[in-house]
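Topology and contacts: notes
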Amino acid sequence: MILAVRRRAAVFAAFAAMVPKLYLAYNAWVVVEFAVQILFMLVFVAFWHAVYANAPTLGGLDVRQTINYILLAQIVAPLVQSRLILEFGGLIRQGAIAIELLRPVDFQARYAVESLTSLVVFAVQKLPLLVIAWAFLGLRLPVDGEAWAAFGVTLVLGSMVLFFTDWIFACLAFYSTETWGLSVVKIAVATFFSGALVPLPMMPEWLRSIALALPFAQGVAVPVSFLGGISPVSALGPVVLRQIAWLIVLGIGSRLVFRHAVRKITVQGG
Amino acid sequence: MFAIHADELSKVFRVVRKEPGLRGALQAIVRPRYERVTAVDRVSFDIEPGEVVGYIGVNGAGKSTTIKMLTGILVPTRGHVEVLGRDPHRQRVANAREIGAVFGQRTQLWWDLAFVESLNLVARIYEVPPARYRELLKQFDDALQLGELLRVPIRSMSLGQKMRAELAATLIHEPRIVYLDEPTIGLDLLAKERIREFIRQQNRERGTTVLLTTHDLGDIEQLCPRVIIIDSGKLIYNGPLTTIKERFGRFREIRFEIQESAPILETPADCERVLVEPHRVTFRFDRTQTTASQVASGVMNQIEVVDFSLAEPDLASIVRQIYQGGLRVAEGRP
Amino acid sequence: MRRYLSLYGVFFVQRLKILLEYRVNFLIGATSTSFLQAAGLLALWVVMRQIPTLNGWTFDEVLLVYGLVTISESITHMFADNLWTIGHSYIRTGEFDRFMVRPIDPLFHLLADRFCHDGIGNLLVGSVLVVKAMSGIGIPWTAGNLIYLSIAVLSGGAIFIALNLLTATTAFWLVDSTPVTFMVYNAYEFAKYPLSIYGRGIRIVLTWLIPFGFASFYPASYLLGRPVGLLAWMGPVVAAVFLAVAYRAWQHGLAHYTSTGS
């Protein structure tokens, strides 16, 4: 009973902590990253226009759809990170992991809540980018609220899928000290297979099947396809079900892997 | 020629005045208001080659700003400085060759390199001839007992070891002037002694001029026949250490924790009652006239003492006394 | 000059000693950047296999452009990495004062103090791309072409260094110059692809203002026999000019530093 109340209090606290974070959401680095993102978007728009110069459609998508997709995917792409492995690595190195695990609030729940709240901060930070892309770079946004709702739902579910995936990967920190190198590899692989660089329909069959077998696409390609007008809202049902399936599998998997990994260091005293 | 000649040296900073709060932060960007802060105010002194001089002052008095001007890191706002006949800013490289500097706990050596490798690199930077380098290395090895330390990287060294390594690295190119900023800070007494002895020895054998900035009066006492005291950017004393000791080092304060209040406590001979509190009484005595133990026994004979402590004279109180006692700068100049 | 060269050698060897102590880390650092590049290149391949040319450039030709700029980037990555952290690692901590007290040029000291092995990854990737592209297109490996390539790549690297130096100089005023450097540096993304795909405005910027074009597009055009006229040979000139401007700015920044003490 107490545990449930505590858990709820922790969730509440995390949301409350969000407020000052929103104020700090804008600082020099955010502005610069914003500017660089716009730069990259200019590159992509020019690139894709050149790509479509001689072909009306590619992978079933026309130039409008692709540019829409790429612009949105690039905005959403930073959700794919490998922050957790660095976090775990740091805790293990400092010997603080034991303390963290003894806290009354569930270790993973804390990070999950933080992940959700940072999703909100992320959305706030990216809003200007969305506006600029829409105003100057030819991004077309849907008028009907249904597409936005589909986007929102699949984005939240997708970001949780990414969270659990990152969690499982982060457990490698218990087995190796090369956390930075591993994180870079993961970002490279994950970014590609999330569909942030190339729309999935354009990939050759073998590559696309790998992408669909991996969870990363759930966080970028899936939600963006709704907002970009590639996936019709009518397809929402099965998509959400698939995401929930991913969530269940990865959610349980992440707890199992984590428990196994923790046991390794408590037994070996690492 | 003087080793260091400072003439009306001044440094004025233009600082943005920041008001607190969000509005103040915005104002600082849009329409900044500047204040002039005088860190060093017309400081003049001369240091002969081979002298060991203490340059002391409380925090924020202007010590490090002065040193930065002497080493060429900062340009004076007014006045000028000559080090070994050169302007340290205009002739930065030539000056750099002849000086060495220890900046407190910030090491000049490379964190992950074995000490001897760091030393090697420093020697190459200063173009120390290889034969001379080997000779000096051996000398420092003996004098500082470097031994196994040579193979250890700085990150693994204790504070005392780091300082020994630092000194060796600073002197490996045989500079004529060395600026030491807090060289013994954080060290235990034995380590301090070793460092002080080394500095003394180098000064004796090589005639290296040493300018020592420190809060540790023990360093000053052991190493510096002459001191320059700076306060709020102004030079307030420049003269022999002995004068300071005679004038202000004479007095000690001794505090007794007692059980009963003691209005009836008789002040011991050659003593002055400074402060009386409910269970505590403080006396000041002249060290040349009496000793701490005499004062203590004088008090303990009268009343039961729970605890007592002896206060060392500190820099702040000496500075205060200089202002109060009116030891004017002119008196102290040699 | 020769002294500085041999001194750099000593710095380099000492740095290597530190790096090799962490041998595995060394390897991972050197290869990690390659993974990010690989992802980008895979994406490029996926796209280009669907179309005959990109604005008239075949896949191999695009790879030549991409590879050249990658090699140029690796040069600044390896030899001028400290420019990124000059603000918060050297000026803010007071470490920079140590450079001012040593009898060597502070800029040299800053750069020599850190050879960054991560850059080797990009050097390898870029070289592989260039070799593959040139073989695929059939550009002969004549001495002339090799010399031209070397000059192009060195000029490109110099342009990268000059731009990073120019932006790093803001550290003397802003203390943290990393955001500024980040912004200008990332413009090189444009130069990964043939400049002909961009509008005139961007092309002018990338040729004369932030001249990454000389690190990739113009040398590639020359080697491919495409008409670029004088621009094929102006790389070294542009590099020299920008280096001079950047160094002048550096000296200005140094004067500001010695006057206000940061």
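Right above here is the structure, for reference.
Cut-offs used in this document
Residues numbered from 1 in each chain as written. Chains lettered and ligands numbered in written order. Predicted model: local features only at pLDDT ≥ 70, side-chain atom pairs only at ≥ 80, totals over all residues. Heavy atoms only, no water. Buried < 20%, exposed > 50% of the residue type's maximum accessible area, 1.4 Å probe, protein only. Helix = DSSP H or I, 4+ residues; strand = E, 2+ residues; numbered from the N terminus. Pairing = 2+ DSSP bridges. Contact = heavy atoms within 4.5 Å. Buried area = accessible area lost by both parts, 1.4 Å probe. Salt bridge = Lys/Arg side-chain N within 4 Å of Asp/Glu carboxyl O. Polar contact = N/O pair within 3.5 Å; in protein donor to acceptor, adjacent residues only side chain to side chain. Patch = residues over 30% accessible without salt bridge, like charges linked within 9 Å, V, L, I, M, F, W, Y side chains within 5 Å. Areas by Shrake-Rupley, 256 points an atom, 1.4 Å probe, with all protein chains shown as cover. Axes fitted to C-alpha atoms, helices over the stretch in contact; angles between N-to-C directions. Phe/Tyr/Trp six-rings, centres within 6.5 Å; stacked < 30°, edge-to-face > 60°. Lys NZ or Arg CZ within 6 Å of the ring centre and 35° of its normal.

1. Thoughts on the pairing of strand E12 (residues 280-286) of chain B
Residues and elements named next belong to chain B. With five of its seven residues buried, E12 lies for the most part within the structure. Bridge count for strand E10 (residues 251-258) against E12 is seven bridges, and the pairing is antiparallel. What sits directly across from Phe 256, in E12, is Val 281. The sheet contact formed by strand E11 (residues 271-277) and E12 spans six bridges and is antiparallel. Residue Arg 273 lies in a different strand from E12, and its bridge partner there is Phe 283. Counted along the chain from E11 to the antiparallel partner E12, the turn is two residues long.

2. A short note on the interface of chain C and chain B
At the junction of the two partners, chain C supplies 30 residues and chain B supplies 33 residues. Summing both sides of the interface, chain C and chain B together bury roughly 2,700 Å²; the carbon and sulfur share of this comes to 54%. Three residues stand out in chain C for area buried against chain B, namely Arg 98, Arg 102 and Pro 103 of chain C, and they jointly supply 24% of the buried area on that side. Taken together, chain C and chain B are joined by three salt bridges. In this assembly, chain C and chain B are joined by 14 residue pairs in polar contact (both at pLDDT 80 or more). At the level of elements, helix H1 (2-21), helix H5 (95-101), helix H6 (106-112) and helix H13 (235-260) of chain C are the ones that each hand at least two residues to the side of chain C that touches chain B.

3. Looking at a nonpolar patch on the surface
A surface patch of nonpolar side chains, about 370 Å² in accessible area, is lined by Ile 244, Ile 248, Ile 252 and Leu 256 of chain A. With respect to the helices and strands, the residue Ile 244 of chain A is situated in helix H11 (residues 236-268).

4. Focus: the environment of Arg 255 of chain B
Residues and elements named next belong to chain B. Examined against the element boundaries, Arg 255 turns out to sit in strand E10. According to the relative accessible area criterion, Arg 255 is partly exposed, its value standing at 35%. Residues Arg 255 and Ser 309, 54 residues apart in the sequence, show an inter-C-alpha distance of 5.3 Å. With sequence-adjacent residues up to four places away left out, Arg 255 is seen in contact with Arg 280, Val 281, Thr 282, Asp 307, Phe 308 and Ser 309.

5. A short note on helix H4 (residues 115-125) of chain B
Burial within H4 of chain B is extensive, with eight of its eleven residues counted as buried. Elements that come into contact with the buried residues of H4 of chain B comprise helix H5 (130-144) and helix H6 (159-171) of chain B together with H1 and H6 of chain C.

6. Overview of the pattern of salt bridges
Oppositely charged side chains can form a pair if their charged atoms are brought close together. All names here are of chain B. The full count for this structure, using the stated rule, is 31 salt bridges over all chains. Where Asp 219 meets Arg 196, a salt bridge forms, and the shortest distance between an N and an O atom there is 2.7 Å. Highlighted residues: Asp 219 in helix H8 (residues 217-223) and Arg 196 in helix H7 (residues 189-206), separated in sequence by 23 residues. Comparing Asp 219 with Arg 196 shows no difference in burial state: the two are buried.

7. Topic: unusual backbone geometry
Positioned with a positive phi, Gln 145 of chain B is a non-glycine residue whose angle comes to about 50°. For Gln 145 of chain B, the position within the fold is in the loop between H5 and H6. The phi angle at Val 175 of chain C is positive, at roughly 65°, despite the residue not being glycine. Tracing the backbone shows Val 175 of chain C in the loop between helix H9 (171-174) and helix H10 (178-185).

8. Let's talk about the sheet that holds strand E1 (residues 4-16) of chain B
Residue and element names in this part refer to chain B. An order of E2-E1-E4 is seen for the three strands of this open sheet, with the pairing classed as antiparallel. For this open sheet the edge positions go to strand E2 (34-47) and strand E4 (78-83), each flanked by a neighbour on one side alone. The average angle at which neighbouring strand axes cross in this sheet is 30°, direction not considered. When E1 meets E2, the two strands line up antiparallel, connected through ten bridges. Within E2, the residue paired with Lys 11 across the bridge is Val 40. Most of the contacts of helix H2 (residues 63-71) go to E1, to which it runs at about 120°, and overall it touches E1, E2 and E4.

9. Concerning the packing of aromatic side chains
Summed over all chains, the structure comprises 51 aromatic pairs over all chains. Each ring, one from Trp 110 of chain B and one from Phe 11 of chain C, has its centre 6.1 Å from the other, and the planes form 75°; the classification is edge-to-face. You can see Trp 110 of chain B sitting in the loop between strand E5 (99-103) and H4 and its partner Phe 11 of chain C sitting in helix H1, one on each of two chains. Residue classification places Trp 110 of chain B among the buried positions, given a relative accessible area of 12%. Among the residues examined, Phe 11 of chain C registers a relative accessible area of 3% and is labelled buried. An aromatic cluster of at least three residues, connected via ring pairs, comprises Phe 88, Phe 107, Tyr 111, Phe 163, Phe 164, Trp 167, Phe 174 and Phe 258 of chain A. The side chain of Arg 14 of chain B reaches across the aromatic face of Tyr 34 of chain B, ending 3.9 Å from its centre.

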